[in-house]
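# A closer look at the structure
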Amino acid sequence: MSFNSYFFVLVFFPVAIIGYHMMNKLGHGRFGKWFLLLMSLWFYGYAGLRGLFTIAISIVINYGLYLLYSKVKFKRTLMILGVILNILALIYFKYLFFLEVTLYELTGTQLTYTSLIVPLGISFITFSQISFLVDSYKDAIDGNAEKVSFTDYALYVLFFPKVTVGPIALSKDFIKEINKASEIGVDWDNISKGLYAFTLGLTKKVLIADSLAHYADWGFSNVEGLGTLNALIVMVSYTMQIYFDFSGFCDMALGISKMLNIDIPINFNSPYRALSIGEFWDRWHITLTKFFTKYVYIPLGGNRKGKIRTYVNILIVFLVSGIWHGAAVTFIIWGLMHGIASCIDRVISPYAEKLPKAIRWFVTFLFVNVAWVFFRATDVENALMLLKELVSFKFTPVNVELVAKATPKGYELVQWLVVEFTKIQAYYSGLPIILAILIFAIFAGIKMKNTNERIENFKPSSKTVLVTVILFVWCVISLSEVSTFIYVNF
């Protein structure tokens, strides 16, 4: 079930919010949590009962390991076993093609992704369960262990706003939030903030990211002969698409959670304002960065074992990050590019800080754009070809087919009216539209307030109500072109 679908927006979403508050009122908090768990099971099972069954087994196994902490002396061995089991499950489901040849040789049966159960959001679920096992182990060793009920744990893993794409919440913080929320009644301030955040996120996805997706999809499928201008449009379009797509989902998750009186971690803080690669990763996919820092970088030694070891640890973290996104060579290159850039950033930061902010921003933004080319490209050759076109300095006009393919259907009426009443060619009527969308996306992503800044001191007014209603209706009308979120694939 996707956040940007008619069924979710018009049925599931209102039922979840209204039902939760009704159950909370009737059951003094307990019924509310059970109701949320049932809604999360419905949300997850909507994609397939086989995947739900697989994740249910995983939840039971991990919770069983947690219960054993209080009964055995070999807690560390148990924790390591749990982490290994979760990582093996992730490898099995996400990187199956590594095993296909071996499985075929052993069984004589050709296995494919379609013949196996691939649970939805397996990467984020795995990280959530690893976080729970490791943190619970540390609490058990320190004597600070608190009893976690199976309902609370299952809801932590399956909570529908975050289960597919995150953010990655730490178990202790999230379980405190859901227990705190169960004691709160209907908070109209949270309802208004949440609905506003949800609408802004839906707008990011439906009206901006999905429009830019046409530019990127066409460009990466027709790289040869693009020329500098077209390649630049395609590259920047994907840079803005992935931001508005991913942050749009996180805004919707934040909004839904806020309406349930639950605060989830912030995942984005205007990353394209960053003046360095280090700052970029402080602003982009914040919870993933924190996860890798806490569970990979620090256990490797962090920055406590000398500069060389620090740089090696940074490279390992980004290599793991690249592989986490996918086992393709392009993802590994993307991860290593950011790892190398992060190491260089540490070395030159005392000198770079003396440069004008505009130069630092431009260099950072340019690097991030180039790295995204490898992230999006179908293979290394595809990425290098686009970059070659970018630096070819062939300034051909914006491609006619790009304009035709990229003009969103929601703007076709405007384009038709312009053509009909001014006799301007379709190309010249569509070109301003696609350039205006791209320019607005760049401006909004860099200069405008992000959703977290907007809801921090949000007070409903006639203006915000009107804007929210217009955007919400516009998005709902546009949902006929529903598309999946980019990070659902990871």
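This text follows the structure it describes.
Figured I'd write up the structure that's included with this text.

Each value, and the rule that gives it
Sequence order as written defines residue numbering, which begins from 1 separately in each chain. The model is predicted, so local features are restricted to residues of pLDDT at least 70 and side-chain atom pairs to those at 80 or more, both for listing and for counting; the totals for chains, interfaces and linings are taken over all residues. Think of the side-chain values as coming from all heavy atoms in the structure, minus any hydrogens and water. With axes taken as lines fitted to C-alpha atoms, and helix axes fitted only over the stretch in contact, angles between N-to-C directions fall between 0 and 180 degrees. Secondary structure elements are defined from DSSP: runs of H or I of at least 4 residues count as helices, runs of E of at least 2 residues count as strands, and each element is numbered from the N terminus. Should an angle fall under 35 degrees it is called roughly parallel, over 145 degrees roughly antiparallel, and 65 to 115 degrees roughly perpendicular, with every other angle called oblique. For a crossing to be left-handed, the near helix must be turned anticlockwise from the far one by less than a right angle; the clockwise case is right-handed. Residues count as neighbours in contact if any of their non-hydrogen atoms are within 4.5 Å of one another. Charged residues are taken to be Asp, Glu, Lys and Arg, nonpolar residues to be Ala, Val, Leu, Ile, Met, Phe, Trp, Tyr, Cys and Pro, and polar residues to be all remaining types, Gly included. The working definition used for a salt bridge is a side-chain nitrogen of Lys or Arg within 4 Å of a carboxyl oxygen of Asp or Glu. A simple rule labels every residue: compare its accessible area, found with a 1.4 Å probe on the protein chains alone, to the largest value its type can have, and call it buried under 20%, exposed over 50%, or partly exposed in between.

Where helix H7 (residues 150-158) meets helix H8 (residues 171-181), the closest approach of the two axes is 10 Å, and the angle between their N-to-C directions is 110°. The orientation of H7 with respect to H8, classified from their angle, is roughly perpendicular. Crossing of H7 against H8: the hand is right-handed. Two secondary-structure elements touch here, H7 through Asp152, Leu155 and Tyr156 and H8 through Ser171, Phe174, Ile175, Ile178 and Asn179. Its residues assigned to classes, the contact of H7 with H8 shows five nonpolar, two polar and one charged.

Let's shift gears to the pattern of salt bridges. Evaluation of the coordinates by the stated rule reveals 14 salt bridges. Here Asp189 and Lys193 are joined by a salt bridge, their closest N and O atoms 3.7 Å apart. Taken together, the positions of Asp189 and Lys193, both in helix H9 (residues 188-221) and four residues apart, correspond to about one turn of that helix. With relative accessibility at 33%, the residue Asp189 sits in the partly exposed group. One salt bridge in this structure joins Asp245 and Lys205, with 2.6 Å as the shortest N-O distance. Of this pair, Asp245 sits in helix H10 (residues 227-259) while Lys205 sits in helix H9, placing them 40 residues apart in sequence. The exposure classification of Asp245 matches that of Lys205, with both residues buried.

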